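A look at the structure
For reference, the chains in residue letters:
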Amino acid sequence: MWGILVALLSGALMSIQGVFNTEVTKQTSLWVSTGWVQLSAFLVCAAAWIFTGRESVGALLQVDQKYTLLGGVIGAFITITVIMSMGSLGPARAAMLIVISQLAVAYVIELFGWFGVERQPFEWRRILGLLIAVAGIVIFKWENS
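Looking at an unreviewed UniProt entry, one finds the chain named DMT family transporter, with Candidatus Blautia faecigallinarum as its source organism.

If you want it as structure tokens, here you go:
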């Protein structure tokens, strides 16, 4: 139950953040906005680290799969692409397409067992669920003429 609540909170925060970032970008620029997002996130993380435990930063050097350290780089591109998609599609349409993309890529990762994730068997019901989600986007986007 806790995982469900946290996932719902995460989705809500991502949508709000996307709207905020898009507004900041309109008044500054894509790179200024993205830089601010990353810098402010770093400052929050640094403060949390100071007040909650101070685990060794050197542990990063011990990470087995070094490519996994690219999460922050990917995060910068996530910020950029969310801003761009929300600016051109609006928050609801962009969020729906982002979620569909997340579902599809996450399923492929599980299916092939990439990045250390436990491999899962192919299931038609998951493909059907993804197709139903895509149909939901079509219905949501449908405009009466």
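To continue, consider the packing of helix α1 (residues 2–27) against helix α3 (residues 71–89). Interhelical geometry of α1 versus α3 gives an angle of 80° and a closest axis separation of 9 Å. In terms of orientation, α1 and α3 fall into the roughly perpendicular class. The residues of α3 that touch α1, namely those facing Ser15, Gly18, Val19, Asn21, Thr22 and Thr25, are Thr79, Val82, Ile83, Met86 and Gly87. Partitioning the contact of α1 with α3 into residue classes produces four nonpolar, seven polar and no charged.

Another point: the UniProt feature "transmembrane region" (unreviewed entry) in the chain. Here, the residues flagged by UniProt with the feature "transmembrane region" (unreviewed entry) are residues 31–51, 67–89, 95–117 and 124–142. Segment residues 95–117 splits into 78% helix and 0% strand. End C-alpha atoms: 25 Å apart. As annotated, residues 124–142 has a helix share of 95% and a strand share of 0%, and its two end C-alpha atoms lie 27 Å apart.

Locating Asn21 in the fold gives a position in helix α1. The class of Asn21 is buried, set by a relative accessible area of 8%. The residues touching Asn21, leaving out its near neighbours within four places in the chain, are Ser33, Val37, Thr79 and Ile83.

Turning our eyes to something else, we now look at the pattern of salt bridges. This structure, assessed with the given rule, holds three salt bridges. Among the ionic pairs, Glu23 bridges to Lys26, the shortest N-O distance being 3.1 Å. Residue Glu23 and its partner Lys26 are both found in helix α1; the two are separated by three residues, about one turn of the helix. Judged by relative accessible area, which is 36%, Glu23 ranks as partly exposed. In this structure, Glu110 and Arg126 form a salt bridge, with 2.8 Å as the shortest nitrogen-oxygen distance.

The next thing to look at is the packing of aromatic side chains. Applying the stated rule across the entire model yields four aromatic pairs. Seen in terms of ring centroids, Tyr67 and Phe115 are 5.9 Å apart; in terms of plane orientation they differ by 50°. Their pairing is tilted. Linking Tyr67 in the loop between α2 (30–52) and α3 with Phe115 in the loop between α4 (91–112) and α5 (124–141), this pair joins segments that are 48 residues apart in sequence. Relative to Trp114, the ring of Phe112 has its centre 5.2 Å away and its plane inclined at 15°; by these criteria the two rings are stacked. The class of Trp114 is partly exposed, set by a relative accessible area of 42%. A network of ring pairs unites the aromatic residues Tyr67, Phe112, Trp114 and Phe115 as a single cluster.

Rules used in this analysis
- Residues numbered from 1 in each chain as written.
- Predicted model: local features only at pLDDT ≥ 70, side-chain atom pairs only at ≥ 80, totals over all residues.
- Heavy atoms only, no water.
- Axes fitted to C-alpha atoms, helices over the stretch in contact; angles between N-to-C directions.
- Helix = DSSP H or I, 4+ residues; strand = E, 2+ residues; numbered from the N terminus.
- Parallel < 35°, antiparallel > 145°, perpendicular 65-115°, else oblique.
- Contact = heavy atoms within 4.5 Å.
- Nonpolar A, V, L, I, M, F, W, Y, C, P; charged D, E, K, R; others polar.
- UniProt positions renumbered as here; feature names shortened; annotations may be inferred.
- Buried < 20%, exposed > 50% of the residue type's maximum accessible area, 1.4 Å probe, protein only.
- Salt bridge = Lys/Arg side-chain N within 4 Å of Asp/Glu carboxyl O.
- Phe/Tyr/Trp six-rings, centres within 6.5 Å; stacked < 30°, edge-to-face > 60°.

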